[in-house]
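Remarks on the overall topology
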Number of protein chains: 6
Amino acid sequence: MKRIDGRNFDALREIRVTRDFVPSAPGSVLIEWGRTRVICTATVEDRVPPFLVNTGRGWLSAEYGMLPGSTDRRKPRDGRRGPIDGRTVEIQRLVGRNLRNLVRLDRIGPRTIWIDCDVVEADGGTRTASINGAWIALADCLEDLRERKLIKADALVGGVAAVSVGIIEGAPYLDLCYEEDARAEADVNFVMTHDGRLVEIQGGAEGRPLEKAQFDACWDLAAGAVPRIAEIQHRTREGERFA
Amino acid sequence: MKRIDGRNFDALREIRVTRDFVPSAPGSVLIEWGRTRVICTATVEDRVPPFLVNTGRGWLSAEYGMLPGSTDRRKPRDGRRGPIDGRTVEIQRLVGRNLRNLVRLDRIGPRTIWIDCDVVEADGGTRTASINGAWIALADCLEDLRERKLIKADALVGGVAAVSVGIIEGAPYLDLCYEEDARAEADVNFVMTHDGRLVEIQGGAEGRPLEKAQFDACWDLAAGAVPRIAEIQHRTREGERFA
Amino acid sequence: MKRIDGRNFDALREIRVTRDFVPSAPGSVLIEWGRTRVICTATVEDRVPPFLVNTGRGWLSAEYGMLPGSTDRRKPRDGRRGPIDGRTVEIQRLVGRNLRNLVRLDRIGPRTIWIDCDVVEADGGTRTASINGAWIALADCLEDLRERKLIKADALVGGVAAVSVGIIEGAPYLDLCYEEDARAEADVNFVMTHDGRLVEIQGGAEGRPLEKAQFDACWDLAAGAVPRIAEIQHRTREGERFA
Amino acid sequence: MKRIDGRNFDALREIRVTRDFVPSAPGSVLIEWGRTRVICTATVEDRVPPFLVNTGRGWLSAEYGMLPGSTDRRKPRDGRRGPIDGRTVEIQRLVGRNLRNLVRLDRIGPRTIWIDCDVVEADGGTRTASINGAWIALADCLEDLRERKLIKADALVGGVAAVSVGIIEGAPYLDLCYEEDARAEADVNFVMTHDGRLVEIQGGAEGRPLEKAQFDACWDLAAGAVPRIAEIQHRTREGERFA
Amino acid sequence: MKRIDGRNFDALREIRVTRDFVPSAPGSVLIEWGRTRVICTATVEDRVPPFLVNTGRGWLSAEYGMLPGSTDRRKPRDGRRGPIDGRTVEIQRLVGRNLRNLVRLDRIGPRTIWIDCDVVEADGGTRTASINGAWIALADCLEDLRERKLIKADALVGGVAAVSVGIIEGAPYLDLCYEEDARAEADVNFVMTHDGRLVEIQGGAEGRPLEKAQFDACWDLAAGAVPRIAEIQHRTREGERFA
Amino acid sequence: MKRIDGRNFDALREIRVTRDFVPSAPGSVLIEWGRTRVICTATVEDRVPPFLVNTGRGWLSAEYGMLPGSTDRRKPRDGRRGPIDGRTVEIQRLVGRNLRNLVRLDRIGPRTIWIDCDVVEADGGTRTASINGAWIALADCLEDLRERKLIKADALVGGVAAVSVGIIEGAPYLDLCYEEDARAEADVNFVMTHDGRLVEIQGGAEGRPLEKAQFDACWDLAAGAVPRIAEIQHRTREGERFA
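Residues numbered from 1 in each chain as written. Chains lettered and ligands numbered in written order. Predicted model: local features only at pLDDT ≥ 70, side-chain atom pairs only at ≥ 80, totals over all residues. Heavy atoms only, no water.

**Structural notes on the interface of chain F and chain A**
Taken together, the contact pairs 33 residues of chain F with 33 residues of chain A. With both chains or domains summed, chain F and chain A bury close to 2,700 Å², and 46% of this area falls on carbon and sulfur atoms. For chain F, the biggest contributors to the area lost against chain A are F:Ser24, F:Arg74 and F:Arg80; these three give 26% of the whole. Linking chain F with chain A are twelve salt bridges, by the criterion used here. Of all the secondary-structure elements, those providing two or more residues to the side of chain F that touches chain A are β3 (36–45), β4 (59–66), α1 (86–100) and β5 (112–121) of chain F. No other element matches the six residues that β5(F) contributes to the side of chain F that touches chain A. (Contact = heavy atoms within 4.5 Å. Buried area = accessible area lost by both parts, 1.4 Å probe. Salt bridge = Lys/Arg side-chain N within 4 Å of Asp/Glu carboxyl O. Helix = DSSP H or I, 4+ residues; strand = E, 2+ residues; numbered from the N terminus.)

So, in structure tokens, the structure goes:
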């Protein structure tokens, strides 16, 4: 199968990252992943949720949103009318869990780090792009806290990257765009450490259930892509601009 | 490691299913999975969501809830004060996706099948118990529609079962209870077809990232348990009572 | 008039009570009142509403809910979409007022006792069954607090039972089931102390206004039934199982 | 016991009714019941709730609210923050049921009659004053519909009046003001037809349970007051102004 | 152009003010402005919003509401179903800002003064009538606090009055009623100090944009009316009743 | 007074506009107004609000939001917890009214044009920047509808631009940034047609009331700036990029 944009089955989309896209936030990026674009910010609030008050520990919380113009058909804002979309809840919990897991909450004091991922344009893979961009914003934010002497020790304990793999006509493809995703029989999102171990997995086969061998092929594609994403994350933080 | 209840690492908890637990619903069970107990009902509403009006197709929607007394610390009812819990949203979407996927929506007419899973007591594994019990309720409900000549052809296209596998001190264990789950480094929920292929997977390693070999061990445990669950589901529908 | 289920005009429906139905709660029953079935739990939260903070007094609060499959037509969950049903509010206030009235709030410390009544199946009389079952759960819960030395003195100051009486074709009938209720000209709910004095009354004559003589006949039927209910409540607590 | 305002035990408070207090509404009164003052309006909306669409029948719905300044301590507006107060729900359901019961819904066409009761000042008895005032507004509104030839036949099928009776130190007193109510052992609200039969009753004995004889004394006081209230309602509609 | 009610282009509608209309509130008026009638109360709550806790300063907050019967077509209550009306939010913010600006918040202690404006009947100009009436209620409320020795010094630092001016067929008219407003090309609300300086302005030209000269004519009409309103406000507080 | 960024008292901040910033929307810009940055999109929905169904007319609706990282202190998302911020409601109504006023709603068919303004970074003037950017997005969107032959005639009937003027130490300054705004005694927002007539005005003097002469100076500054803004709006649409 020839891919829509001519990519190889194991190729990522073109990635661009603009660091410090929102100067008012201590950590921020605009991550462009093919046509998918997400603004990720990391900000700090000087209080913690009720269950952590007086424990000395901090927290990390994530929220996800889509700008109304980000999809072909206008996406109503979550929470303006009726309840928050279930998909939104699912994604922001995914982002929150995986980044919180990387922070030494005992080292950041009674603060909440907020990760906000706002999708400017959606062409598939917004949750994985959100994680990838948010990790950079988080790392910048924690470094900012340290530079300002608000925290003493490094609070970041590792790196994560995320990518989706889909099955189309029985074969695995890395990093599906929206049009591919709509045709896919299955789609699995992998969140992995920078050294390729699994942190979280979410996937489903709405079309055709997956054999173990197919699943293994998906895993291999994801594990192969993670180091490339990690490199982009690190080089962005070192000041390189991807375009 | 010796398990809390003396089970083998690859053993399911004791399972009991009371069919037709809620006679007012066309399909219902009380499923008892160790100390975890869930009431699952399948009911029919004669209308469809807005996006399906005039298409002739039906829909399946799921809701999940925990009775306030189901946990050691009272669980406030979702939606009574503040928004619905994110975990609730996540679970009911999981249940809904996987059962909807099994129904020929073009064969049930302009109806919505509601799957409701209400947890009477929670001791870990409520989402997998919900799926396992709800499949029975769904199958009974669809059969009832057919017996009452409201639908012509069989609308159920397959069977699913679900089970969790966790990693404790590096080793995989099938079907964790709450106390085990609290100690686990990782926990993966598998939803599989009755013949052992993957339909959906959700898992995370909050403690220690998973190596591929560990993940494979989890898969094997799950794949080994699914036929046993499927047999209980089928035998329940044939009238057998498990106790 | 012959009653649907052949009962005498002054007979209660068949009653079954399963004590400790929800082992995770310090007090709980499944009360089956004819086909009406309600799970009642009593649980303890270690804090009080804002207006009682620092008073040393406790509180009792009740919530009522119907499982979606409990009625012939699926009952949407309260609070999931739109506001909570007015009938739900009315019933849970009734339950809360009458049980709170029985607790020495100055003896339970800064705790809230939560009474939760969840209807598994509804065939009329869910509010009276809820009160009858909840009293048992409450008594068990307070005893548990005392056994665990969390409270010193007995905090329960009395017993209540509740029953409805309806007027059909001008004549009074005790304890209406749903089908009878739908035909009734009037329906009055009596909450009485175990010795037959009135604690609360709620009743309406949507069909035909009530003469005083008719009302007196209703009172007599209720007063005659209360000792029978009280006996079941007490014997349940002494360990007897009704079936 | 001498009453606070010197009234006899069986005396109503001073009552004043200003008809057409809100000229923009087809029926309206300001009812002043001692210091309790309520604005009641009856208005017409040309549509019905979903369950009545295409039935040709109409509906009546009631809402109750307290102006924030109506109580000594400011009463927050219902629904502005958090859910609607349970007491509000209870009262507006009471008002709605009892007035709806008096309207031939098959004669008003596909319209909803809205009864709105807004308390300007609260000194006890707001729910009974609301019913008494709303009946006048309703009757005026239905007459207006008939005069404008929008409905053909009289749609009002009777009259109701409401009054509370309380027990203080064992003895019954008619129509308690707030300060009396706070001291009462029991308080029962009677809604009766103009000829003295019971339509709805709501009452509770938070202090001391009621003997039947006490209850009977309450009934007698209420039944004695209803004709006096009915006369005021009728004379108001004939144009008399009470002051 | 002859005005509907025969007024001169620069004349205010007939104004009546009933002081202490709600005796339970420390400050209150019923202000009648032509057919527009608004109940304004000023009450005191002994706490402040979170951002002022422990600052020693107080706050002033305003809420606005329309009784359902106040308009020809029933106005649904804000917040009962769905979100609060945007117009309501806009008006209550306007009222709140302008009255808060007149209070020395450092002199009232940790208290919130609530201004509530409830429209009994709406015939245009409800926001300006609300401000005019609320100022009287506020002044009475602050005086009450001082008389009760709860505050030491005068906390009111000035007077405001508000009035609208509209353009109809190119010419300016003072204080439009609803019917005039519906025909107006532009409508500007002026809030001014009693000595005629501008405190807040809100205006729009939905029909035809305004030339500067037209705007100046509006300003002049407003500035000419403000002293007349101020006089009514002051004389009301001195005990005069306008009718 | 020397301005923070060295601007002349009558100078606008540096303005950059990126057209088609969100390619999925038929009209969109990123407008950068000094450090204030707003994404404005115009999208089309093929339905209208209930009150316009079957009238053949269309509608225009606007929503405004601030990304959480857009302010120094994280701005919680509107509607996620609690009600929507009053300021948000006020701004989106302002944007909606003024752009709706420019569209021939009878020429766009039964469609709703949605204007969404999302603030990426806030440094004062977000509401005026929103209007200025949204006008471009709206014009592009209407042109797109015409090019796709969905509407026949030009539906845009004019141009608007908006700018604020503030008074600091008695003197007027054009287009305040956040730091200036915080020090200002008064701040007035002018929305004007491209030829300098007033469409809407909103302003307040929280510090010191405005004399008429001061107000006139504000008007003059605004009227002088509008042609400059209009030129940028037009040149952006002709393809010029401002940087």
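And the narrative resumes.
**A word on helix α1 (residues 86–100) of chain E**
Note: α-helices contain 3.6 residues per turn, so residues at a spacing of three or four share the same orientation. All names here are of chain E. Taking 1.5 Å as the rise per residue, α1 with 15 residues should run 21 Å; its terminal C-alpha atoms sit 21 Å apart, in good agreement. Summarising burial for α1: twelve of the 15 residues are buried, a large majority. Listed as buried for α1 are Gly 86, Thr 88, Val 89, Glu 90, Ile 91, Gln 92, Leu 94, Val 95, Gly 96, Arg 97, Asn 98 and Leu 99. (Expected span 1.5 Å × (residues − 1). Buried < 20%, exposed > 50% of the residue type's maximum accessible area, 1.4 Å probe, protein only.)

**With respect to the relation of the copies chain F and chain A**
Mapping between the two chain copies consists of a rotation about an axis together with a translation along that axis. Rotating chain F by 180° about the axis while translating it 0.0 Å along that axis superimposes it on chain A, leaving an RMSD of 0.0 Å. Taken together, the rotation and translation relating the two chain copies correspond to the operation of a two-fold axis. Considering only C-alpha atoms, the part of chain F nearest the rotation axis is F:Gly79, at 2.3 Å. Interface residue correspondence from chain F to chain A reaches 100%, placing this contact among same-surface, isologous pairings. (Least-squares fit on C-alpha atoms with pLDDT ≥ 70 in both.)

**Quick look at the environment of B:Leu198**
Looking at where B:Leu198 falls in the secondary structure, it is placed in strand β9 (residues 198–204). The buried category is assigned to B:Leu198, whose relative accessible area is 2%. Taking the C-alpha atoms as reference, B:Leu198 lies 30 Å from B:Pro110; in sequence the two are 88 residues apart. Apart from the residues lying within four places of it in its own chain, the contact partners of B:Leu198 are A:Ala205, A:Pro209, A:Leu210, A:Phe215, B:Phe190, B:Val191, B:Met192 and B:Trp219.

**Structural notes on the packing of aromatic side chains**
For the structure on display, the rule yields 33 aromatic pairs over all chains. Here C:Phe215 and D:Trp219 contribute two aromatic rings whose centre-to-centre distance is 5.2 Å and whose plane-to-plane angle is 45°, an arrangement assigned as tilted. In this pair, C:Phe215 sits in helix α4 (residues 212–237) while D:Trp219 sits in helix α4 (residues 212–237), so the two residues belong to two different chains. Each member of the pair, C:Phe215 together with D:Trp219, is buried. (Phe/Tyr/Trp six-rings, centres within 6.5 Å; stacked < 30°, edge-to-face > 60°.)

**Digging into the confidence of the model for chain A**
Averaged over all residues, the pLDDT of chain A is 95; the fraction at 70 or higher stands at 99%. Note on the complex model: pTM 0.93, ipTM 0.94. (pLDDT = per-residue confidence, 0-100.)

**Re the interface of chain D and chain E**
Listed by partner, the interface residues are 33 residues for chain D and 33 residues for chain E. Buried surface at the junction of chain D and chain E, summed over both partners, amounts to about 2,700 Å²; 46% is from carbon and sulfur atoms. Linking chain D with chain E are twelve salt bridges. Note that E:Arg80 and D:Asp78 form a salt bridge whose closest N and O atoms lie 3.9 Å from each other. Counting across the chain D and chain E interface gives 20 residue pairs in polar contact (both at pLDDT 80 or more). Elements with a contribution of two residues or more to the side of chain D that touches chain E: β3 (36–45), β4 (59–66), α1 (86–100) and β5 (112–121) of chain D. With six residues, the top contributor of residues to the side of chain D that touches chain E is β5(D). (Polar contact = N/O pair within 3.5 Å; in protein donor to acceptor, adjacent residues only side chain to side chain.)

**Thoughts on the pattern of salt bridges**
For the coordinates displayed, the defined rule picks out 186 salt bridges over all chains. Taking the shortest distance from any N to any O, the salt bridge between A:Arg183 and A:Glu169 comes out at 3.2 Å. Remark: A:Glu169 occurs in the loop between β6 (160–168) and β7 (171–174) and A:Arg183 occurs in helix α3 (residues 178–183); sequence separation between them is 14 residues. A:Arg183 gets classed as partly exposed once you look at its relative accessible area, which sits at 43%. C:Arg235 is the partner of C:Glu231 in a salt bridge, and the nearest nitrogen-oxygen pair spans 2.8 Å. With C:Glu231 and C:Arg235 both in helix α4 and four residues apart, this pair spans about one turn of that helix. Accessibility expressed as a relative area gives 41% for C:Glu231, which makes it partly exposed. Salt bridges sharing partners connect three or more residues here, namely A:Arg3, A:Asp5, A:Arg7, A:Arg13, A:Asp123, A:Asp175 and A:Glu180.

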